Amino acid sequence: MATILLAGGAGYIGSHTAVELLDSGYDVIIADNFANSSPEAVRRIEKITGKNVKLYELDIKDADKLAEVFAENKIDAVIHFAGLKAVGESVEKPVMYYRNNIDTTLSLLENMSRFGVKNIIFSSSATVYGEENKVPYTEEMKRGVCTNPYGWTKVMMEQIFEDAAKADKELSVVLLRYFNPIGAHESGMIGEDPQGIPNNLMPYVSQVAVGRRECLTIFGNDYPTHDGTCTRDYIHVVDLAKGHVKAIDYILSHNGVEIFNLGTGTPYSVTEIVDTFEKVNGIKVNHVYGARRAGDLAECYANADKALKVLGWKTEKTLEDMCRDSWNWQKNNPNGYNK
Ligand code: NAD
Ligand code: UD1
């Protein structure tokens, strides 16, 4: 079976993808500097699957160190999760974001070229659709204008991959545009473990529920949506992880660049998320309505037809599953991996 290098594989999406790849019979190598994750996640991947993961603690930007990973292993494909992803922080520290997110990409591409590895999947984001495009987003829409450096790194990296594939006809690239991943593995052993105050909705909701934070502020209830709060395409992280397995199956037998939305195609509002979380888990989430957050769009959701047609992938889990599994992870690990 093929060997897959997961750059940034100890993180939230990478750890869930590692489990699904191992369960599908792939060998997995993780390279991570734990900038936003913990080696404990890798131990838990091994516990869940009963399989070994080869782990390299290194900064992917360091192309020489990364070369050792390529020299020591026969890698069939790379999945590039290694990025910084906090939108607000990217506005404050743009150079750090451009340096990390772009250099990791270049370092991977250089080593792939040097060692003859021809397949790479990249963690892109729905953020590349920007403000100009109308929902539901389809893959052939032009990339839009982003409101923050994090988003721009995704736009730039998509361009870098497209240029690299133009120059090397054997290179196969899959750009996966994630919508809003939430939830956790049903074992409750791995999940999202943000450092500090969470930026994203679901970790905030579950930290309020567990008593780590006092109250959720819902950012705006005067949007032109059915209940006035923003709508998003929330996707269970295990469904998302399974999308990567399908993309690996695909990439190993195709060349060129393909883009896929990974979303459910169904939007839910912030209020619906809070209500569903409270209902399925039987727990109150203190919340108040506050001002809009700068840069938020009223609506964001995918047309996910292409992933179904080409990869044979579609989501299986419900919003109830997402809320239940997020809470199961949070209550079993109130302080994330640092119990
Ligand atoms: P995460 O922070 O949990 O995982 C990223 C991993 O990359 C972490 O383990 C971190 O330590 C590692 N990393 C970062 N820089 C590195 C470097 N220079 N060298 C080695 N390792 C490094 O984030 P995630 O939610 O799992 O996201 C994975 C990818 O998906 C990111 O590129 C992110 O931008 C993208 N994405 C995430 C979301 C989301 O909502 N979570 C949405 C769209 C796209
Ligand atoms: C955000 C980023 C996006 C990034 C994604 C994954 C912005 C503008 N967008 O998406 O670029 O790819 O995270 O990291 O930051 N909300 C609240 N209260 C909170 C937190 C969130 O009401 O405390 C609301 C937001 O206003 C939004 C929804 O919940 O309507 C989802 O927010 P979030 O989880 O941050 O995701 P996005 O903003 O969609």
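Q: Mind showing me how you'd approach the layout of surface pockets here?
A: Empty space left among the atoms is revealed by rolling a probe the size of a water molecule over them. Estimated volume of the second largest pocket: approximately 160 Å³. Here the lining of the second largest pocket is built from residues that sort into four nonpolar, two polar and four charged.

Q: Is there a simple way to explain the nonpolar core in this structure?
A: Burial of nonpolar side chains together is a common tendency in soluble globular proteins. Counting residues in each nonpolar core, the largest one holds 43 residues, and the members touching the most others are Ile4, Leu6, Leu21, Ile30 and Ile248. The element that contributes the greatest number of residues to this core is helix H8 (residues 237-251), accounting for eight residues. Those residues in contact with Ile30, other than ones at most four positions away along the chain, are Leu6, Gly9, Ala10, Ala18, Val42, Ile45, Val53, Lys54, Leu55 and Tyr56.

Q: Explain the sheet that holds strand E3 (residues 54-57) to me, please; I cannot follow it from the model alone.
A: Across a sheet, strands are paired by hydrogen bonds formed along the backbone, either parallel or antiparallel in direction. Spatially, seven strands are ordered E3-E2-E1-E4-E5-E6-E11 in an open sheet, and the strand pairing comes out parallel. A strand with exactly one partner marks an edge of an open sheet, and here the two such strands are E3 and strand E11 (256-262). Between one strand and the next, the sheet's axes are offset by a mean angle of 20 degrees, whatever the strand orientation. Both strand E6 (residues 172-178) and E11 contribute to a ladder of seven bridges, which runs parallel. Looking at the pairing, Leu176 lines up with Phe260 of E11.

Q: Which parts of the structure should I look at to understand the site of ligand 1?
A: Every one of the 28 residues lining ligand 1 counts as a neighbour, but Ile13, Asp32, Asn36, Ser37 and Lys85 are closest to it. Side-chain polar atom of Ser37 to an oxygen atom of ligand 1: 2.7 Å apart, as the coordinates give it. Note that an oxygen atom of ligand 1 is positioned 2.8 Å from one of the side-chain N or O atoms of Lys85. Bound to the protein, ligand 1 loses 95% of the 820 Å² it would expose on its own. Counting residues per element, the ones that place at least two in the shell around ligand 1 are helix H1 (12-23), helix H5 (94-115), strand E5 (119-125) and helix H6 (149-167).

Q: Is there a simple way to think about the packing of helix H7 (residues 201-209) against helix H11 (residues 319-332) in this case?
A: Between two packed helices, what matters for the description is the angle formed by their axes and the separation of those axes. The N-to-C vectors of H7 and H11 enclose an angle of 55 degrees; their axes lie 10 Å apart at closest approach. In terms of orientation, H7 and H11 fall into the oblique class. As H7 packs across H11, the resulting crossing turns out to be right-handed. Across the interface between the two elements, Met202, Pro203, Ser206, Gln207 and Ala209 of H7 pack against Cys323, Ser326, Trp327 and Gln330 of H11. Grouping the constituent residues of the contact of H7 with H11 by class yields five nonpolar, four polar and no charged.

Q: Which parts of the structure should I look at to understand the environment of Pro267?
A: Its place among the elements puts Pro267 in the loop between E11 and strand E12 (268-269). According to the relative accessible area criterion, Pro267 is partly exposed, its value standing at 27%. For the pair formed by Pro267 and Val205, sequence separation is 62 residues and the distance between their alpha carbons is 18 Å.

Conventions we followed
Residues numbered from 1 in each chain as written. Chains lettered and ligands numbered in written order. Predicted model: local features only at pLDDT ≥ 70, side-chain atom pairs only at ≥ 80, totals over all residues. Heavy atoms only, no water. 1 Å grid on protein atoms, 1.4 Å probe; cavity = no way out; pocket = protein on both sides within 12 Å on 5 of 7 lines; lining within 4 Å. Points joined across faces, edges and corners; volume = space filled by probe spheres on them. Nonpolar A, V, L, I, M, F, W, Y, C, P; charged D, E, K, R; others polar. Core = buried A, V, L, I, M, F, W, Y, C linked by side-chain atoms within 4.5 Å. Buried < 20%, exposed > 50% of the residue type's maximum accessible area, 1.4 Å probe, protein only. Helix = DSSP H or I, 4+ residues; strand = E, 2+ residues; numbered from the N terminus. Contact = heavy atoms within 4.5 Å. Pairing = 2+ DSSP bridges. Axes fitted to C-alpha atoms, helices over the stretch in contact; angles between N-to-C directions. Near = heavy atom within 4 Å. Polar contact = N/O pair within 3.5 Å; in protein donor to acceptor, adjacent residues only side chain to side chain. Areas by Shrake-Rupley, 256 points an atom, 1.4 Å probe, with all protein chains shown as cover. Parallel < 35°, antiparallel > 145°, perpendicular 65-115°, else oblique. Left-handed = near helix turned anticlockwise from the far one by under 90°.

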